[in-house]
Amino acid sequence: MGSIEPFNRLVKLAARAFYDDITTKGENQPKTGRSDNRGIAVVILDALTRRQWVREEDLAKDLKLHTKQLRRTLRFFEEEKLVTRDHRKEVSFAAGTLWPNLSYP
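The structure displayed is predicted, hence computed values, not measured ones.

Draft legend 1. Fine view of helix α3 (residues 56-63). Taken as a whole, α3 has its buried residues at Glu-56, Leu-59, Ala-60 and Leu-63. Across the axial projection of α3, the buried residues extend over an arc of 100°, all falling on one side. Two residues or fewer after α3 comes Lys-64, characterised by a positive phi angle close to 55°.

Written as structure tokens, this is what we have:
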């Protein structure tokens, strides 16, 4: 099996070519300096190429993003068929309960 590095480079180039100016807000909403999230798609795709699997909460923490903002962007990528979501059950050792674990391969 060959290296995955050429595919990661392709994803990074495609992200910059097609998703650099994409916002997750509606087109009719004003874009102020504080709420402008253009470029966040590129940052998220770059972060996903550095990992094979990642939990949403861990990715949000690493990128210092609100979970809601990250999920909105990931949902957009799912619609575009760029990422897939894998639901896993995770056992909490403290409480002995199952928690959903959403990962992106």
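Draft legend 2. Spotlight on the environment of Leu-48. Take Leu-48: it is sitting in helix α2 (residues 40-49). Classification of Leu-48 as buried rests on a relative accessible area of 13%. Residues Leu-48 and Val-83 lie 35 residues apart in sequence; the distance between their C-alpha atoms is 9.0 Å.

Draft legend 3. Representation of the side chain of Asp-46. Note that Asp-46 resides in helix α2. The contacts of Asp-46, once residues within four sequence positions are left out, are Lys-12 and Arg-16.

Draft legend 4. Main features of the nonpolar core. Ile-44, Leu-48, Leu-59, Leu-70 and Phe-77 are the most contacted members of the largest nonpolar core, which totals 18 residues. Counting residues per element, the ones that place at least two in this core are α2, α3 and α4 (67-79). In terms of residues, this core owes the most to one element, α2, which gives seven residues. Discounting residues that sit within four places of it in the chain, Leu-59 has contacts with Ala-47, Leu-48, Arg-51, Val-54 and Leu-70.

Draft legend 5. Broad picture of the confidence of the model for the chain. In this model, the chain carries a mean pLDDT of 78, and residues with pLDDT of at least 70 account for 68%. The least confident element of the chain, judged by mean pLDDT, is strand β2 (residues 98-103) at 55; the most confident is α3 at 93.

Conventions we followed
Residues numbered from 1 in each chain as written. Predicted model: local features only at pLDDT ≥ 70, side-chain atom pairs only at ≥ 80, totals over all residues. Heavy atoms only, no water. Buried < 20%, exposed > 50% of the residue type's maximum accessible area, 1.4 Å probe, protein only. Helix = DSSP H or I, 4+ residues; strand = E, 2+ residues; numbered from the N terminus. Arc of directions from axis to C-beta. Contact = heavy atoms within 4.5 Å. Core = buried A, V, L, I, M, F, W, Y, C linked by side-chain atoms within 4.5 Å. pLDDT = per-residue confidence, 0-100.

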